[in-house]
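# Structural overview for review
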Amino acid sequence: MPEGHTLHRLAIALNEAFAGRTITASSPQGRFTEPAATIDQTAMIAASAHGKHLFCEFDCGHWLHVHLGLIGSFLLSEPEPPRGQVRLRLATARTVADLRGPQLCAIKTPAEIDAQIAALGPDPLRCDADPEVAWHRIQRAGRPIAALLMDQAILSGIGNVYRAEVLFRNRVDPYRPGSKLSKRSWLGMWTDLVGLMPIGVRDGRIDTVRPEHSPEAMGRPPRQDIRGGEVYVYRRAGQACLVCGSRIRSEVLAGRNLFWCGKCQRRG
DNA sequence: CGAGCATGGTGAC
DNA sequence: TCACCCTGCTCGA
């Protein structure tokens with residue numbers, strides 16, 4: 001679930017439910033009793049996201065820092081008894097937010113939050129993001145662009161789905177070294193992410209297929225799986241490329257399964 | 001029902 | 001580069 005769009009969407013939901021309100025914080029499962037006690041019965045000022053990191057500022061001067069990792073979730077619902085392993089619960093009389101399986105859940109100082117943000121590359125979902133900062137580092141890197149896109153210190157919020165899809169949509173060869181990537185290709189991918197990721201925030205899923213390749217236009221059945229969006233290459237190894245018909249390829253790159261079309265993606 | 005895998009990241013070699 | 005953490009799903013017996 002969690003690439004950058006998930007965290008930005010979550011920040012919006014947490015603000016709607018809790019910003020300006022005094023919340024009850026608890027750790028039903030017990031793992032985060034101390035962080036919960038620190039913010040219990042204080043007002044949440046605001047939640048925000050930077051890349052895949054979520055930050056919640058509380059009136060007591062403390063910040064809650066959450067990273068969902070691969071399998072974490074932070075789900076809002078109407079009040080109900082906690083089910084399963086709820087590591088942290090934020091609650092008002094109207095709403096509860098249950099955190100499960102996070103990679104990180106900790107109380108931080110403002111200085112620590114600043115340091116975390118400073119360690120992250122520009123986030124295409126933030127209006128203050130500067131693609132030149134990422135370009136400077138990409139140019140000097142010998143690693144493949146598909147590895148650099150996943151490096152949160154170079155740009156933040158991109159995960160394995162957006163990586164594969166933005167490379168495909170811009171016809172970029174995933175193995176092109178950063179130092180040999182054209183600035184035109186980089187700016188094309190950045191601009192594309194700036195357009196695509198807000199759609200992910202809005203819809204809560206990653207859709208990247210252009211109208212001319214949509215199921216309706218191609219005479220394919222639309223995807224039934226609600227969790228996944230319509231994509232060109234992600235997890236489509238062995239299937240036909242929606243554009244040229246050749247077999248989608250798959251290899252592990254930077255520790256994750258990369259999916260791409262060897263015929264469509266030749267740009268540098 | 002168990003194994004394997006997943007939109008992520010860390011820490012040990 | 002690998003083991004590992006954490007949860008929930010799918011797939012094959």
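Scroll up to find the structure.
So, here's what we can say about the structure.

We now examine the overall build of chain A. A tally of helices and strands in chain A yields eight helices and ten strands. Computed over C-alpha atoms, the radius of gyration of chain A comes to 20 Å, within 12% of the 18 Å expected from 2.2 N^0.38 for 268 residues, which places it in the range of a compact globule. Burial status across chain A gives 49% buried among its 268 residues. Residue pairs at least 24 apart in sequence account for 61% of intrachain contacts in chain A once pairs closer than 6 positions are excluded. As presented, chain A carries roughly 12800 Å² of accessible surface, and 50% of it is formed by carbon and sulfur atoms.

Further remarks concern the state of the cysteines. Applying the stated criterion across every chain yields a total of zero disulfides. Among the cysteines around Cys 105, which has no disulfide bond, Cys 56 carries the closest sulfur, lying 9.5 Å off. Judged by its relative accessible area of 6%, Cys 105 is buried. Cys 241 takes part in no disulfide bond, and the closest cysteine sulfur, belonging to Cys 264, lies 3.8 Å away.

Take the sheet that holds strand 3 (residues 53-58) next. Ordered by their spatial adjacency, eight strands build an open sheet running 5-7-6-1-2-3-4-8, and the pairing between neighbours is antiparallel. The sheet is open, and its two borders are formed by strand 5 (73-77) and strand 8 (104-108), each paired with just one other strand. For this sheet, the mean angle separating the axes of adjacent strands, direction not counted, is 25°. Its contacts with the sheet place helix 1 (residues 4-18) against strand 1 (22-26), strand 2 (42-50), strand 3, strand 5, strand 6 (88-91) and strand 7 (96-100), and it is angled at close to 160° to strand 2.

Looking now at the protein's contact with DNA strand B. Contacts to DNA strand B come from 20 residues, most closely from Lys 52, Gln 103, Gly 159, Arg 256 and Asn 257. Across the atoms of DNA strand B situated within 4 Å of the protein, the share located in sugar and phosphate is 67%. Interatomic distance of 3.2 Å between a backbone N/O atom of Leu 70 and a sugar or linking oxygen of DNA strand B. Secondary structure elements with two or more residues in the surface near DNA strand B: helix 6 (160-169) and strand 10 (256-260). For the surface near DNA strand B, the class distribution of residues is seven nonpolar, eight polar and five charged.

To continue, consider the environment of Ile 71. As for its placement among the helices and strands, Ile 71 is situated in the loop between strand 4 (63-67) and strand 5. Classification of Ile 71 by relative accessible area gives exposed; the value is 68%.

A few words on the pairing of strand 3. Extensive coverage of strand 3 is indicated by the burial of five of its six residues. For strand 2 and strand 3, the ladder comprises six bridges, and the chain directions are antiparallel. Looking across to strand 3, one finds that Ser 48 is bridged to Phe 55. A loop of two residues connects strand 2 with strand 3, the two strands running antiparallel in sequence, and Gly 51 in this loop sits at a positive phi of about 60°. Of the pairings in the sheet, the one linking strand 3 to strand 4 comprises five bridges and is antiparallel in character. In the sheet register, His 53 faces strand 4, and the bridge partner there is His 67. Between the end of strand 3 and the start of strand 4, which pair antiparallel, lie four residues, with Gly 61 showing a positive phi angle near 95°.

Pairs may arise between side chains of opposite charge once their charged atoms sit close together. Applying the stated criterion across every chain yields a total of nine salt bridges. Between Arg 169 and Asp 192 there is a salt bridge, with its nearest N and O atoms 2.8 Å apart. With Arg 169 in helix 6 and Asp 192 in helix 7 (residues 183-203), this residue pair connects regions lying 23 residues apart in the sequence. In this pair, the class of Arg 169 matches that of Asp 192, namely buried.

Moving on, we come to the side chain of Gln 265. Tracing the backbone through its elements, the reader meets Gln 265 in the segment after strand 10. Among the polar contacts made by the side chain of Gln 265, one reaches the main-chain carbonyl oxygen of Val 172 at a distance of 2.9 Å. With sequence-adjacent residues up to four places away left out, Gln 265 is seen in contact with Leu 167, Phe 168, Arg 171, Val 172, Asp 173, Pro 174, Val 233 and Trp 260.

Cut-offs and rules
- Residues numbered from 1 in each chain as written.
- Chains lettered and ligands numbered in written order.
- Predicted model: local features only at pLDDT ≥ 70, side-chain atom pairs only at ≥ 80, totals over all residues.
- Heavy atoms only, no water.
- Helix = DSSP H or I, 4+ residues; strand = E, 2+ residues; numbered from the N terminus.
- Rg over C-alpha atoms; globule rule 2.2 N^0.38 Å.
- Buried < 20%, exposed > 50% of the residue type's maximum accessible area, 1.4 Å probe, protein only.
- Contact = heavy atoms within 4.5 Å.
- Areas by Shrake-Rupley, 256 points an atom, 1.4 Å probe, with all protein chains shown as cover.
- Disulfide = S-S within 2.5 Å.
- Pairing = 2+ DSSP bridges.
- Axes fitted to C-alpha atoms, helices over the stretch in contact; angles between N-to-C directions.
- Near = heavy atom within 4 Å.
- Polar contact = N/O pair within 3.5 Å; in protein donor to acceptor, adjacent residues only side chain to side chain.
- Nonpolar A, V, L, I, M, F, W, Y, C, P; charged D, E, K, R; others polar.
- Salt bridge = Lys/Arg side-chain N within 4 Å of Asp/Glu carboxyl O.

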